[in-house]
Amino acid sequence: KRKAGGGVRFASTVPQPLLGVEPEKLVTQILREYRITSADILAREEITVDQLVDVIQGNREYKPCLYLYNKIDTVTVEEVDQLARMPY
């Protein structure tokens, strides 16, 4: 969340091993590259640098799973229905 002033504040509810030893410094550096000098960052799951950048840019949305089926026309309607009902 951007804010008017006060600098960058980073908090996480889980450990961030993918952001290195000092994730606060890394997040601050990445935000400065995008000219964001004041923000509150809260990570509720383990994130990567790429995910952080995508959220900052606002052009990506992460989904838990995506299934792609090749040659679906060779499968019966019953099998397609069964595939559609499978949990991810």
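A brief look at the structure comes next. (Residues numbered from 1 in each chain as written. Predicted model: local features only at pLDDT ≥ 70, side-chain atom pairs only at ≥ 80, totals over all residues. Heavy atoms only, no water.)

Structural notes on the overall build of the chain
Part 1 of the argument: Counting its secondary structure elements, the chain contains three helices and two strands.
Part 2 of the argument: Mapped in sequence order, the helices and strands of the chain form the string β-α-β-α-α.
Part 3 of the argument: Relative to the 2.2 N^0.38 estimate, which gives 12 Å for 88 residues, the radius of gyration of the chain is 19 Å and therefore markedly larger than a compact globule would have.
Part 4 of the argument: If you line up the chain on its principal axes, its C-alpha atoms span 60 × 25 × 20 Å.
Part 5 of the argument: Of all 88 residues assigned to the chain, the portion counted as buried reaches 20%.
Part 6 of the argument: The contacts of the chain with a sequence gap of at least 6 include a subset with a gap of at least 24, amounting to 64%.
Part 7 of the argument: When the accessible surface of the chain is totalled, it reaches about 7,400 Å², and 53% of it is carbon and sulfur. (Helix = DSSP H or I, 4+ residues; strand = E, 2+ residues; numbered from the N terminus. Rg over C-alpha atoms; globule rule 2.2 N^0.38 Å. Buried < 20%, exposed > 50% of the residue type's maximum accessible area, 1.4 Å probe, protein only. Contact = heavy atoms within 4.5 Å. Areas by Shrake-Rupley, 256 points an atom, 1.4 Å probe, with all protein chains shown as cover.)

Quick word on unusual backbone geometry
Part 1 of the argument: The phi dihedral of R35 falls on the positive side, at around 60°, and the residue is not glycine.
Part 2 of the argument: The residue R35 is located in the loop between α1 (23-33) and β2 (39-43) in this model.

A look at a nonpolar patch on the surface
Part 1 of the argument: Among the surface-exposed residues, Y67, Y69, I72 and V80 lie close enough to one another that they form a single nonpolar patch of about 370 Å² accessible area.
Part 2 of the argument: Among the secondary structure elements, V80 is positioned in helix α3 (residues 77-84).
Part 3 of the argument: The class of V80 is partly exposed, set by a relative accessible area of 34%. (Patch = residues over 30% accessible without salt bridge, like charges linked within 9 Å, V, L, I, M, F, W, Y side chains within 5 Å. Salt bridge = Lys/Arg side-chain N within 4 Å of Asp/Glu carboxyl O.)

Looking at the environment of G20
Part 1 of the argument: One can find G20 in the loop between β1 (8-12) and α1.
Part 2 of the argument: Between the C-alpha atoms of G20 and V49, which are 29 residues apart in sequence, the distance is 9.9 Å.

A closer look at the nonpolar core
Part 1 of the argument: F10, L19, V27, I30, L31, I36, A39, I41, A43, I47, L52 and V53 together form the largest nonpolar core, which totals twelve residues.
Part 2 of the argument: For this core, the secondary-structure elements that each account for two or more residues are α1, β2 and α2 (49-57).
Part 3 of the argument: Non-local contacts of A43, meaning those with residues more than four positions away in its chain, are made with F10, A11, S12, T13, V14 and Q16. (Core = buried A, V, L, I, M, F, W, Y, C linked by side-chain atoms within 4.5 Å.)

So, the pattern of salt bridges
Part 1 of the argument: Scanning all chains against the criterion turns up three salt bridges.
Part 2 of the argument: When the shortest N-O distance is used, the salt bridge between D40 and R9 registers 3.3 Å. Linking D40 in strand β2 with R9 in strand β1, this pair joins segments that are 31 residues apart in sequence.
Part 3 of the argument: The exposure class of R9 is exposed, given its relative accessible area of 56%.
Part 4 of the argument: In this structure, the salt-bridge partner of D81 is R85, at a minimum N-O distance of 3.2 Å.

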